[in-house]
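# Tertiary structure, described
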Amino acid sequence: MIKDPVVRTRLEQIRARFDKATPGPWEHYGVGKAEAGGIAVINDGDAVIEDPNMSEEDTVFVSHVWLDVKFLLDNIQSIHDRAATVSELALGAVMAAKSALNGESDPDDATEVLDSVIDELMEQEQEAEEEEDAEEDEEEEDDEDDEELCPVCGEDTDSCACDEEEEEEDKDDDDDA
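Nothing here was measured: the structure is a model prediction, and the numbers come from that model.

## Brief notes about the overall build of the protein chain
Counting secondary structure elements, the protein chain contains 4 helices and 3 strands. N-terminal to C-terminal, the α/β element order of the protein chain is α-β-β-β-α-α-α. The buried share of the protein chain, taken over its 177 residues, is 19%. Long-range pairs, those at least 24 residues apart, make up 43% of the contacts in the protein chain with a sequence separation of at least 6. Carbon and sulfur atoms make up 50% of the accessible area of the protein chain, which totals about 13100 Å².

Structure follows, in C-alpha cells:
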C-alpha cells in the first residue's frame, strides 16, 4: 500500500474515474478538409468528441487518454509492488547480517540469506527488463496502427489516391471557368 495519504487518495480517485470510463482503446479521426475541427471517437461511436477548436494533436491526445492512464496506473502499481518487495528483502538481508555480526547466528547462514536476496533482486531486475521490452514492442505495434485513414476511401492517407483525384477535379473545374 502506498503510504503517502495524499498520493494514495489521488491515485484511488484516478483509478475510480478510470474504472467508470468507457473502456478503450479509443479511436481518433483527424481534421478533415470539410470539417472545422477535430474528432475523437470513443469505441466506434459510443461517444464522439467534436470541437472546431480541436487541433489534430488534441484529437490524438484525447483518443489515447484511456490507454495512457491505464498504462500509468498499472506501472505505478507495479513499481510500488516491486519497491515493497525489495524493501522487505533488504530488511531481511540486513537483519541476517546484523545477527551474524553480533555472533547471534552462523555467518554461513547469513551468507546464504544474502546470496538468496541478491539472486531474488537480480531475478526481479531481469523480469522488469523483460516487461519493459514487451511494453516497448507493444508501443511500436500501436504506433504502426496509428496510421491516418482517408475519410473518403478509408485507406491509409499515404496510399490513397483521393487527394490526387480531388486535385484533378479542382483543376478541371478551374479549366472550365
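## Observations regarding a nonpolar patch on the surface
Taken together, the side chains of Phe71, Leu72 and Ile76 define a hydrophobic patch exposed on the protein surface, amounting to about 250 Å² of accessible area. On the basis of relative accessible area, Ile76 is assigned to the partly exposed category, the value being 35%.

## Topic: the nonpolar core
Counting 6 residues, the largest nonpolar core consists of Ile2, Leu11, Phe18, Trp26, Trp66 and Leu73. Those residues in contact with Phe18, other than ones at most four positions away along the chain, are Trp66, Val69, Lys70 and Leu73.

## Looking at the confidence of the model for the protein chain
A residue-level look at the protein chain finds 66% of positions with pLDDT of 70 or above and a mean pLDDT of 76. Across the protein chain, element-level confidence peaks in helix 1 (residues 5–20) with a mean pLDDT of 91 and bottoms out in helix 4 (residues 162–176) with 56.

## Comments concerning unusual backbone geometry
Cis geometry is adopted by the peptide bond preceding Pro25, which originates at Gly24 and carries an omega value of 5°. Inspection of the secondary structure assignment puts Pro25 in the loop between helix 1 and strand 1 (27–29).

## Description of the side chain of Ser63
In this structure, Ser63 sits in helix 2 (residues 56–101). Side-chain polar atoms of Ser63 contact the side chain of His64, separated by 3.4 Å.

## Observations regarding the side chain of Gln124
Mapped onto the secondary structure, Gln124 falls in helix 3 (residues 107–145). The residues contacting Gln124, other than those within four sequence positions of it, are Arg82, Thr85, Val86 and Leu89.

## Section: the packing of aromatic side chains
Following the criterion strictly, the structure yields 1 aromatic pair and no others. With 4.9 Å between their ring centres and 25° between their planes, Phe18 and Trp66 make a pair best called stacked. Placement of the pair is Phe18 in helix 1 and Trp66 in helix 2, with a sequence separation of 48 residues. You can call Trp66 buried: its relative accessible area is 11%.

## Comments concerning helix 2
Between the first and last C-alpha of helix 2 there are 64 Å, a value that for 46 residues agrees with the 68 Å anticipated at 1.5 Å per step. At Val65, helix 2 shows its maximal kink, close to 50°. Inspection of helix 2 places Thr59, Val62, Ser63, Trp66, Leu73, Asn75, His80, Leu89, Ala93, Ala96, Ser99 and Ala100 among the buried residues, and these make up the whole buried set. Immediately beyond the C-terminal end of helix 2, within one or two residues, lies Gly103, with a positive phi of roughly 75°.

## A few points about the pattern of salt bridges
Throughout the structure, instances matching the rule amount to 3 salt bridges. One salt bridge connects Lys70 with Asp74, and the closest N-O pair in it is separated by 2.9 Å. With a gap of 4 residues between them, Lys70 and Asp74 both fall in helix 2, about one helical turn apart. For Lys70, a relative accessible area of 32% translates into the label partly exposed. Close ionic contact of Arg82 with Glu131 constitutes a salt bridge, the shortest N to O distance being 3.2 Å. Of the two residues, Arg82 sits in helix 2 while Glu131 sits in helix 3, which places them 49 residues apart along the sequence. Among the charged side chains, a network of salt bridges with common partners joins Arg15, Lys70 and Asp74.

About the cut-offs
- Residues numbered from 1 in each chain as written.
- Predicted model: local features only at pLDDT ≥ 70, side-chain atom pairs only at ≥ 80, totals over all residues.
- Heavy atoms only, no water.
- Helix = DSSP H or I, 4+ residues; strand = E, 2+ residues; numbered from the N terminus.
- Buried < 20%, exposed > 50% of the residue type's maximum accessible area, 1.4 Å probe, protein only.
- Contact = heavy atoms within 4.5 Å.
- Areas by Shrake-Rupley, 256 points an atom, 1.4 Å probe, with all protein chains shown as cover.
- Patch = residues over 30% accessible without salt bridge, like charges linked within 9 Å, V, L, I, M, F, W, Y side chains within 5 Å.
- Salt bridge = Lys/Arg side-chain N within 4 Å of Asp/Glu carboxyl O.
- Core = buried A, V, L, I, M, F, W, Y, C linked by side-chain atoms within 4.5 Å.
- pLDDT = per-residue confidence, 0-100.
- Polar contact = N/O pair within 3.5 Å; in protein donor to acceptor, adjacent residues only side chain to side chain.
- Phe/Tyr/Trp six-rings, centres within 6.5 Å; stacked < 30°, edge-to-face > 60°.
- Expected span 1.5 Å × (residues − 1).
- Bend = angle between axes of the 7 residues up to and from the residue.

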